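# Structure assessment
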Amino acid sequence: MESIHLNVRSHRKRPHSSTTEPKTVQWLLIGAAMAYLTLFLMIPLGTVFYQALEKGVGVYLAAITDPDALSAIRLTLLTAMIAVPANLVFGIAASWAIAKFDFKGKNLLITLIDLPFSVSPVISGLIFVLLFGLQGWFGPWLQEHDLEVIFAVPGIVLATVFVTFPFVARELIPLMQEQGSEEEEAAIVLGASGWKTFFWVTLPNMKWGLLYGVILCNARAMGEFGAVSVVSGHIRGSTNTMPLHVEILYNEYNFAAAFAMASLLAMLALVTLVLKKIIEWKTARDLSLLDDAETAVEENG
Amino acid sequence: MGLRKKNVLPGFGLSLGYTVFYLSLVVLIPFAALFSRTAQMSFMEFWDTISSPRVVASFWLSLYTSLSAASLNAVMGLLVAWVLVRYHFPLKTLVDALVDLPFALPTAVAGISLTTLYSVNGPLGKHLARWGIEVAYTPLGIIVALTFIGLPFVVRTLQPVLEDLDVEIEEAAASLGASRMKSLLYVVFPNLLPALLTGFALSFARAFGEYGSVVFISGNMPMRTEICPLLIMTKLEQFDYIGATAIAVVMLLVSFMMLFTINLLGWWSRKRTSSAA
Amino acid sequence: MKEASGLKNISVLCLISFLMVMGLLVSCGQTDTDRTLLNVSYDPTRELYADINDAFALDWKNRTGQTVSIRQSHGGSGKQARAVIDGLAADVVTLALAYDIDALASKADLLPASWQQRLPHNSAPYVSTIVFLVRKGNPKGIKDWDDLVKPGIEVITPNPKTSGGARWNYLAAWGYALKKNNGDENAAREFIQALFANVPVLDSGARGSTTTFVQREIGDVLLGWENEAYLAINELGPDRLEIVNPSISILAEPPVAWVDRIVERHKSRDLAAAYLEFLYTETGQDIAARHFYRPRLETVAARYRDRFSDIQLFSIEEVFGSWKNAQKIHFDDGGIFDQIYEDSEALPDRS
């Protein structure tokens, strides 16, 4: 039973007449979806790029190579590089526990994981102020030991980790629940170790969710404004992230430069998508190798 | 088949242990700080803070604008996810890529661009104004901003589930004589429902707390277009931390209840579909 | 087995990059100049302090041979004060209103309550006032405060609850109404209510309001700092905007102070004090005047006489007693500003 299930995966994307709609319906649906995306997404984004390039490419380049801008870019990348892997590991652990096992309080746990989403960015920043601020729980101790958390890089990283906390877990949980755990059980019964099962069966199965999760997490980590704004202290050239720098430029009536930075953020998101495509393509190749191996194992066994 | 009681899979202790540990570190301890701060005020003070007319008005405003935005996103997000996964059309990859951008764009930029577009003399607002529809500086503007920032949630939660959905089920339904509409409604949709609910809940929860983009487009008129998070900011501006955390706690409880209900619904619908299958 | 070793490589790479990142984090705090100073300021002073910092660094180098680098942080005045209370290590604060620096003393004991007596002129090296910005040619014929409450006039001001500048706007209008009605508070309240009934948008900050007025072309008149009005004209369109001076306005004194607890920790009191005293020197005052802040020094004031028109100015102490008082009566929760809006069902609905 279970070994048959293993191979279903490779066939699932073939279009079939009984499983799709007539062309006209397709185009109607595509049209509706595109109209919606145009109105709420593309036109606003178009404005960003339009405003960024309004004063010419020279102004654009000057804006993004300004020393303060470069330091903001560095800080943003650094923050994302810490926040994303941390939340990735958590997301995998959480989704494994939640999707593969039954236990009491599971719904509560899922809801708690979602909680950072529901917290206003203003509050998430405030929370860290209450924890690490001079008037907060750990603030006085930190100051005595000359450690800077809030209004320094660690505070920005913490706030970002908090804000992007649920993304990977939230992508993986419904996906893994929908998939069930027959394949892993089969692998374990066939004698594979836990880690091996995870890397060979679970990981390839959840690659989509994982990728989306990481991409969302990364995009949000780089774009977060509210929470970071509360804990950053806005010190030019040292604790300004890209979104904060956008605000600064905007408030200096330097609209073209502000939108240039914003467009850069948009493009960073696009870069992650290119990476996604590359990984997708590589995984597809690896998967076909894997499928061949599995078929061989089945034939021999 | 679904989940079973006796489980042969390893790693339960490790994965759940780490989950709970990390959750406590990043989420629970910080929240404890928040609640302990609120506990410094007496219940009457707390009640006075949260029942003042402006807080109540902003609360209802935040609630109904977020619900409208999340509903719009649920319907249209389902459509977008379906189109992106099942159909082929030119520039699909590009469109797919663009869906994430509301996350990457700083919320302030989103707010500024939307206000530029939808204000009475903006390129879109100009035409809408001719029909008597004002968007910027009205609750409608808030809904537009919240729709924008919540847009990726539904699409991105549905996409992996759709990618993974076995076409075989649909084929089976079709071969058993079900019409396309029927197989979509009774076979595909129930499978998507948990993810759809999750997407809706996330989109709502995100919208409910949103600040950066809304302050630009809402006009911030007290009693009319003043959202809850703005009131928290104004409390902070008066160095009234306790008052700010009081509103924060109420907001938090509302979204917690909302998320919890929806998670229960998702769990219930999953149970129903797995027992039906 | 190829894939398995690939995975191993990836995890090793991840680990290495993580460690590198942590290393970067640790090394972040170091700087390579002799001395540093953090000036935490409010929004409109960006351009001013960019110039002051250069001039001061040069001056300090000539006097002591030390290289000094001044780091700047800008934001809403109240927000900045809160950040300092919560631990932002500001050597000096240069904020929009004394109330915000008072909060540093009262909430966190970061400096003595008598800080305002330490430097000349109430610790406010430059002053400003509230003026009107209108569209070129003044199409609605706005001349004075009374024109702002006429029906059909749209007034743009930020939200006094979130913006220090907006509080000056509000108090200037209140002071005018009090004077005109011989101290009748009820009349002043009616005036304020009528004024805010004419406000279609309350942005959260002063520069947001300027953008609403100039870029979105909403409203007929913008209330704001004199220096901000001039900056807006220079940056956004001398051909689109002009300034109208009201007959009476408020004397806005943005104060400065060094933060004792922090300069002790940084051992930077001499530098912080010298920096603030520099603002009172001929050079400092000249830079302030160039950025349209009214200078205190007579010689500089004389040089820029035709730049600043004569407006009758009243101080906050004259009309309101103190900032603390004004804040409590007008802007705190349940204060007059809130009451105006909570009774707002009585107002004609504009939307």
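Definitions and cut-offs
- Residues numbered from 1 in each chain as written.
- Chains lettered and ligands numbered in written order.
- Predicted model: local features only at pLDDT ≥ 70, side-chain atom pairs only at ≥ 80, totals over all residues.
- Heavy atoms only, no water.
- Helix = DSSP H or I, 4+ residues; strand = E, 2+ residues; numbered from the N terminus.
- Buried < 20%, exposed > 50% of the residue type's maximum accessible area, 1.4 Å probe, protein only.
- Contact = heavy atoms within 4.5 Å.
- Areas by Shrake-Rupley, 256 points an atom, 1.4 Å probe, with all protein chains shown as cover.
- Bend = angle between axes of the 7 residues up to and from the residue.
- Buried area = accessible area lost by both parts, 1.4 Å probe.
- Salt bridge = Lys/Arg side-chain N within 4 Å of Asp/Glu carboxyl O.
- Polar contact = N/O pair within 3.5 Å; in protein donor to acceptor, adjacent residues only side chain to side chain.
- Axes fitted to C-alpha atoms, helices over the stretch in contact; angles between N-to-C directions.
- Parallel < 35°, antiparallel > 145°, perpendicular 65-115°, else oblique.
- Left-handed = near helix turned anticlockwise from the far one by under 90°.
- Nonpolar A, V, L, I, M, F, W, Y, C, P; charged D, E, K, R; others polar.
- Pairing = 2+ DSSP bridges.
- Domains from an automatic or database assignment.
- Core = buried A, V, L, I, M, F, W, Y, C linked by side-chain atoms within 4.5 Å.
- 1 Å grid on protein atoms, 1.4 Å probe; cavity = no way out; pocket = protein on both sides within 12 Å on 5 of 7 lines; lining within 4 Å.
- Points joined across faces, edges and corners; volume = space filled by probe spheres on them.
- pLDDT = per-residue confidence, 0-100.

This paragraph deals with the overall build of chain B. Across its full length, chain B holds 13 helices and 0 strands. Going from the N terminus to the C terminus, chain B shows its helices and strands as α-α-α-α-α-α-α-α-α-α-α-α-α. Principal-axis analysis of the C-alpha atoms places the extent of chain B at approximately 65 × 55 × 30 Å. Within chain B, buried positions represent 62% of all 277 residues. Counting only contacts in chain B whose residues sit at least 6 apart along the sequence, the fraction spanning at least 24 positions is 75%. In the form shown here, chain B has an accessible surface area of approximately 10,400 Å², with 71% of it arising from carbon and sulfur atoms.

As a further point, take helix α10 (residues 180-209) of chain B. A maximum bend of about 50° is found in α10(B) at B:F189, where proline B:P190 lies one to four positions downstream. Summarising burial for α10(B): 23 of the 30 residues are buried, a large majority.

Next up on the list: the interface of chain B and chain C. With 24 residues of chain B at the interface, the matching set in chain C holds 34 residues. Roughly 2,700 Å² of surface becomes buried between chain B and chain C when both sides are summed, with 51% attributable to carbon and sulfur atoms. Considering only the surface of chain B that becomes buried against chain C, B:E237, B:Q238 and B:F239 emerge as the three largest contributors, covering 28% of it. Among the ionic pairs, B:K235 bridges to C:D333, the shortest N-O distance being 2.1 Å. Where chain B meets chain C, there are 7 residue pairs in polar contact (both at pLDDT 80 or more). Looking at the side of chain B that touches chain C, the elements with two or more residues in it are α3 (53-86), α6 (107-118) and α12 (228-237) of chain B. No other element matches the 5 residues that α12(B) contributes to the side of chain B that touches chain C.

Direction vectors running N to C along helix α2 (residues 23-53) of chain A and helix α8 (residues 139-164) of chain B enclose 90°, while the axes themselves pass 10 Å from each other. Taken as axis vectors, α2(A) and α8(B) run roughly perpendicular relative to one another. Residues A:Y36, A:L37, A:F40, A:L41 and A:P44 of α2(A) form the contact with α8(B), whose own contacting residues are B:V144, B:T147, B:F148 and B:L151.

With that out of the way, let us pick up the interface of chain A and chain B. The figure often quoted for interface size is the accessible area lost as the parts come together. With 107 residues of chain A in contact, the opposing surface of chain B contributes 108 residues. For the pair chain A and chain B, the two sides together bury roughly 10,100 Å², of which 75% comes from carbon and sulfur. Counting across the interface, chain A meets chain B through 0 salt bridges. The interface formed by chain A and chain B holds 8 residue pairs in polar contact (both at pLDDT 80 or more) in total. Among the elements that take part in the side of chain A that touches chain B, α2(A) stands out by supplying 19 residues, more than any other.

Here we come to the packing of helix α4 (residues 67-100) of chain A against helix α1 (residues 12-38) of chain B. The contact between α4(A) and α1(B) brings their axes to 8 Å, and the two run at 130°. In terms of orientation, α4(A) lies oblique with respect to α1(B). In terms of crossing hand, the pair formed by α4(A) and α1(B) is left-handed. Between α4(A), through A:A86, A:N87, A:V89, A:F90, A:A93, A:A94, A:W96 and A:A97, and α1(B), the contact on the second element is made entirely by B:F12, B:S15, B:L16, B:Y18, B:T19 and B:Y22. Grouping the amino acids of the contact of α4(A) with α1(B) by side-chain chemistry returns 11 nonpolar, 3 polar and no charged.

The next subject is the sheet that holds strand β6 (residues 155-156) of chain C. Residues and elements named next belong to chain C. Reading across the sheet, the 4 strands line up as β6-β7-β5-β8 and stay open at both edges, with mixed pairing between neighbours. What marks the edges here is a single partner per strand, and that holds for β6 and β8 (241-244). Where strand β5 (residues 130-135) lies against β8, 4 bridges are found, and the strand directions are antiparallel. Pairing of L133 across the sheet is with I243, part of β8.

The next point concerns the domain arrangement of chain C. Residue and element names in this part refer to chain C. In terms of domains, chain C is made up of domain 1 (34-124 + 253-280) and domain 2 (128-252 + 309-346). Look at where the C-alpha atoms of domain 1 and domain 2 centre, and you get two points 28 Å apart. Between domain 1 and domain 2, the contact holds 11 residues from the first and 14 residues from the second. The junction of domain 1 with domain 2 conceals about 1,200 Å² of combined surface from both sides, 62% of it contributed by carbon and sulfur atoms. Counting the contacts that link domain 1 with domain 2 gives 1 salt bridge. The interface formed by domain 1 and domain 2 contains 2 residue pairs in polar contact (both at pLDDT 80 or more). Among the secondary structure elements, those contributing two or more residues to the side of domain 1 that touches domain 2 are α2 (46-64) and α4 (98-108). Residue classes in the side of domain 1 that touches domain 2 are distributed as 7 nonpolar, no polar and 4 charged.

All names here are of chain C. If you trace the 4 strands from one edge of the open sheet to the other, you get β2-β1-β3-β10, paired in mixed fashion. Each edge of the sheet is formed by a strand with only one pairing partner; in this case those strands are β2 (68-75) and β10 (256-258). This sheet shows a mean twist of 20° between the axes of neighbouring strands, independent of strand direction. As defined by bridge partners, strand β3 (residues 92-94) adjoins β10 across 3 bridges and the pair is classed as antiparallel. Note on β10: the bridge partner recorded for V92 is W258. With respect to the sheet, α2 is in contact with β1 (35-42), β2, β3 and β10, its orientation differing from that of β2 by roughly 165°. Against the sheet, helix α11 (residues 269-278) touches β1, β2, β3 and β10, its axis set at about 50° to β1.

Here we take up the nonpolar core. Formed by 315 residues in total, the largest nonpolar core has its most connected members in B:L34, C:V93, C:L104, C:W145 and C:W323. Among the elements that make up this core, the one with the highest residue count is α4(A) (16 residues). Domain assignment of the residues forming this core places at least three in each of domain 1 (34-124 + 253-280) and domain 2 (128-252 + 309-346) of chain C. Sequence-distant contacts of C:L104, that is, excluding residues within four places in its chain, are made with C:A81, C:V84, C:I85, C:V93, C:D109, C:L110, C:L111 and C:V259.

Under the counting rule described, the total for this entry stands at 32 salt bridges over all chains. Taking the shortest distance from any N to any O, the salt bridge between C:R207 and C:E228 comes out at 2.7 Å. Of this pair, C:R207 sits in helix α8 (residues 206-214) while C:E228 sits in helix α9 (residues 226-236); the two residues are 21 residues apart in sequence, bridging distant segments of the chain. C:E228 shares its class with C:R207; the two are buried. The residue C:E226 makes a salt bridge to C:R294 at a minimum N-O spacing of 2.7 Å. Taken together, the residues C:E226 in helix α9 and C:R294 in strand β11 (residues 294-295) connect sequence positions 68 residues apart. Pair check on accessibility: C:E226 and C:R294 agree, each one buried. One network of salt bridges, with partners in common, ties together B:R54, B:E226, B:K235, C:K161, C:D333 and C:D338.

Next up on the list: helix α14 (residues 242-251) of chain A. Residue pairs three or four apart in sequence face the same way in an α-helix, which turns once every 3.6 residues. Residue and element names in this part refer to chain A. Across the 10 residues of α14, 9 count as buried, placing the element largely inside the fold. Along α14, the residues that are buried comprise M242, P243, L244, H245, V246, I248, L249, Y250 and N251. Y253 sits one or two positions beyond α14 and adopts a positive phi of about 60°.

This part takes up empty space enclosed by the protein. Under the criterion given, the structure shown has 12 cavities of 30 Å³ or more. By volume, the largest cavity is sized at about 660 Å³. A:E247, C:D43, C:G76, C:S204 and C:G205 are, among the 39 residues lining the largest cavity, the residues nearest its centre. At 4 residues, the largest contribution of residues to the lining of the largest cavity is made by α14(A). Class assignment of the residues belonging to the lining of the largest cavity gives a composition of 16 nonpolar, 16 polar and 7 charged. Shared between two domains, the lining of the largest cavity holds at least three residues of each, these being domain 1 (34-124 + 253-280) and domain 2 (128-252 + 309-346) of chain C.

Another aspect to go through is the confidence of the model for chain C. Residues and elements named next belong to chain C. In this model, chain C carries a mean pLDDT of 87, and residues with pLDDT of at least 70 account for 88%. Taken together, the stretch residues 22-32 has pLDDT below 50 and engages in 6 contacts with residues farther than four places along the chain or on a different chain. Segment residues 345-351: pLDDT under 50, and 7 contacts once partners within four positions in sequence are set aside and those in other chains are kept. With a pTM of 0.83, the predicted complex shows an ipTM of 0.80.

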